[in-house]
Amino acid sequence: MLQTTFIRDNRELTIAGLIKKHYKDPEAAVDRIIELDRLRRETQQELDAVLTQSNAKAKEIGGLMKEGKKAEAETAKGETAVLKERSKELDEQHKSIEEELQSELVKLPNLPHESVPEGRTAEDNINELEQGAKPVLPEGAQPHWELIKKLGGKQAPIIDFELGNKITAAGFPVYKGKAARLQRAMIAFFLDEAGKAGYTEVQVPILINADSGFGTGQLPDKEGQMYHDAADDLYLIPTAEVPVTNQYRDVIVQENDLPIKNVAYTPCFRREAGSWGAHVRGLNRLHQFDKVEIVQICKPEDSYQALEAMSDHVKGLLEKLELPFRILRLCGGDMGFTSALTFDFEVWSAGQERWLECSSVSNFETYQANRLKLRYKTADKKTQLLHTLNGSALALPRILASLLENNQQADGTIRVPAVLVPYCGFDTIE
RNA sequence: AGAGAGAUGGCAGAGUGGUCGAAUGCGGCGGUCUUGAAAACCGUUGUAGGGUAACCUACCGGGGGUUCGAAUCCCUCUCUCUCUGCCA
């Protein structure tokens, strides 16, 4: 959430940022907020004045009662009626203005960083880096949804979508044998790598309440994208970002505890309402998937350096997995609601001959922190909002897809990257 | 799920209608003393909104009510703890 004072002091800048993000009618929205803020302060000043009088009268009556001046006290009581009436009126006005201000404020996305390119769609993203040679596949190479059918021996298919469909629904696959083992190996590898990079591992709930959903910006913006348990009013997490970051909701951090670096493995759940298309096959898009997420909370002046470091960490993982990838700097129209700057990592999927997004690393600046009330005390004792960042490191399914496809051998087996062998205990899937 | 108890500042914990933003202890910060540290002593120490400022206002789990006046009384919701039950 953007800060009212910032909008008030930076009207043009705010509008320009919203335009870059393709927000409709930004001028009207910004001006309405500035107007509501003016009204709010005006009403509060009047309300405070009335309350000051009321408080004074109440004290006066208390004094008179003590002195036994009953009659005078009664007279004074009569005088409070008008004040009471007026304060009630102003209080209601103040509340409704604040409510409207809040609901307008919540609609605004974060402003993009100056380095964010102009553009509306994925076509306009900037290719920052492309690394690793695309493999030359053997004759008869296939996409992963075909490969899995023949893998796993008697257990085939090694990733069973039909079975998951029976148990739950489409988009909830069952991983069997070496596929299951490989999943666990990747999770352990990713967690270990993050540990080496200084991230503290945390295990967090995968159900969250509405306050947490609001804190990181999933609510109210993405209400329909999360699975919701109506009985207890809890949501299944779409990403570990939500519970991990919400650890620090309503917290004032000690300056020397910064930066905070957490890593968590969780399953993630996405309803993907409306985005299920015919071209979305196999592991490309799921309702449930596994992900290791890194989160950083740091001082404003350090956040872009942290973003760089997080990007490098993700890059390192892909290098170690020997997968070709590219890094995109997302344009204004393609980036997320809460983000100021996002790098998407896409892994090359040789069987499909297309890039698959496998990580998204973002700096949210103070946007989440403002909702979370996540702050720290500066050396001169001022309370200031922190910056929050997160990134996938990594999301498993598309890594697995490209691993299967890129590493398919002429004999139909799959080569496991060396770095995972100690974790899973085999170097080939047949 | 049943019965009972409770929710107060970073923590512990007092406060049952006015002088309470709130005693006291611990912790934190600053100082005195000391070669240094500890101890002791002195001072200081919540959050938010408004105001150029002096200062004003709100907040004692959330919401509502009674009253001139509520941390304190009433209603309601939520949560926590203890015991019983169930259970990985």
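Residues numbered from 1 in each chain as written. Chains lettered and ligands numbered in written order. Predicted model: local features only at pLDDT ≥ 70, side-chain atom pairs only at ≥ 80, totals over all residues. Heavy atoms only, no water.

## With respect to the pattern of salt bridges
And step 1. What the rule picks out here adds up to 27 salt bridges.
And step 2. Across the pair Arg40 and Asp37 runs a salt bridge, and its minimum N-O distance is 2.7 Å. In this pair, Arg40 and Asp37 are both assigned in helix H3 (residues 26-67), 3 residues apart and thus about one turn of the helix distant. Asp37 matches Arg40 in its accessibility class, with the two residues each being buried. (Salt bridge = Lys/Arg side-chain N within 4 Å of Asp/Glu carboxyl O. Helix = DSSP H or I, 4+ residues; strand = E, 2+ residues; numbered from the N terminus. Buried < 20%, exposed > 50% of the residue type's maximum accessible area, 1.4 Å probe, protein only.)

## What about the packing of aromatic side chains?
And step 1. Summed over the entire model, instances satisfying the criterion amount to 6 aromatic pairs.
And step 2. With 5.1 Å between their ring centres and 65 degrees between their planes, Trp348 and Trp355 make a pair best called edge-to-face.
And step 3. Here Trp348 falls in the buried class, since its relative accessible area comes to 11%.
And step 4. On the basis of relative accessible area, Trp355 is assigned to the buried category, the value being 17%.
And step 5. Taken together, the aromatic side chains of Phe189, Phe190 and Tyr423 make up a single cluster linked through ring pairs.
And step 6. Note that Lys261 overlies the ring of Tyr199, its terminal NZ or CZ placed 4.7 Å from the centroid. (Phe/Tyr/Trp six-rings, centres within 6.5 Å; stacked < 30°, edge-to-face > 60°. Lys NZ or Arg CZ within 6 Å of the ring centre and 35° of its normal.)

## Let's talk about the protein's contact with RNA strand B
And step 1. Contacts to RNA strand B come from 23 residues, most closely from Gln44, Ala58, Lys66, Arg375 and Lys377.
And step 2. Taking Arg40, its side chain carries an N or O atom lying 2.9 Å from a phosphate oxygen of RNA strand B.
And step 3. Put simply, the parts of the chain that give the surface near RNA strand B at least two residues each are H3, helix H4 (70-107) and strand S14 (375-377).
And step 4. Residues of the surface near RNA strand B, tallied by class, amount to 5 nonpolar, 7 polar and 11 charged. (Near = heavy atom within 4 Å. Polar contact = N/O pair within 3.5 Å; in protein donor to acceptor, adjacent residues only side chain to side chain. Nonpolar A, V, L, I, M, F, W, Y, C, P; charged D, E, K, R; others polar.)

## Some thoughts on the domain arrangement of chain A
And step 1. According to the domain assignment, chain A contains domain 1 (4-107) and domain 2 (122-429).
And step 2. Taken over C-alpha atoms, the centre of domain 1 sits 44 Å from the centre of domain 2.
And step 3. Every contact between the two is made by 6 residues of domain 1 and, on the other side, 11 residues of domain 2.
And step 4. A buried area of about 510 Å², summed over both sides, lies between domain 1 and domain 2, and 55% of it is on carbon and sulfur atoms.
And step 5. A per-residue breakdown of the area domain 1 buries against domain 2 is headed by Lys21, Val106 and Lys107, which together make up 77% of the total. (Domains from an automatic or database assignment. Contact = heavy atoms within 4.5 Å. Buried area = accessible area lost by both parts, 1.4 Å probe.)

## Here's the deal with helix H2 (residues 11-20)
And step 1. When H2 is considered as a whole, its buried residues turn out to be Thr14, Ile15, Gly17, Leu18 and Lys20.
And step 2. Packing partners of the buried residues in H2 comprise helix H1 (4-9) and H3.
And step 3. Downstream of H2 by one or two residues, His22 has phi in the positive range, about 60 degrees.

## So, the sheet that holds strand S6 (residues 228-229)
And step 1. The 3 strands lie next to each other as S5-S7-S6, forming an open sheet whose pairing is antiparallel. This sheet does not close on itself; its edge strands, each paired only once, are strand S5 (207-208) and S6.
And step 2. Pairing analysis gives 2 bridges linking S6 to strand S7 (residues 234-236), with the strands arranged antiparallel. Across the sheet, residue His228 finds its bridge partner in S7, namely Tyr235. (Pairing = 2+ DSSP bridges.)

## A few points about the packing of H2 against H3
And step 1. Where H2 contacts H3, the two axes come as close as 9 Å, and the packing angle between them is 140 degrees. As H2 runs across H3, the sense of the crossing is right-handed. When H2 is examined against H3, the residues Arg11, Thr14, Ile15, Leu18 and Ile19 are found in contact with a partner set consisting of Pro26, Glu27, Val30, Asp31 and Ile34.
And step 2. Along the lines of polarity and charge, the residues of the contact of H2 with H3 split into 6 nonpolar, 1 polar and 3 charged. (Axes fitted to C-alpha atoms, helices over the stretch in contact; angles between N-to-C directions. Left-handed = near helix turned anticlockwise from the far one by under 90°.)

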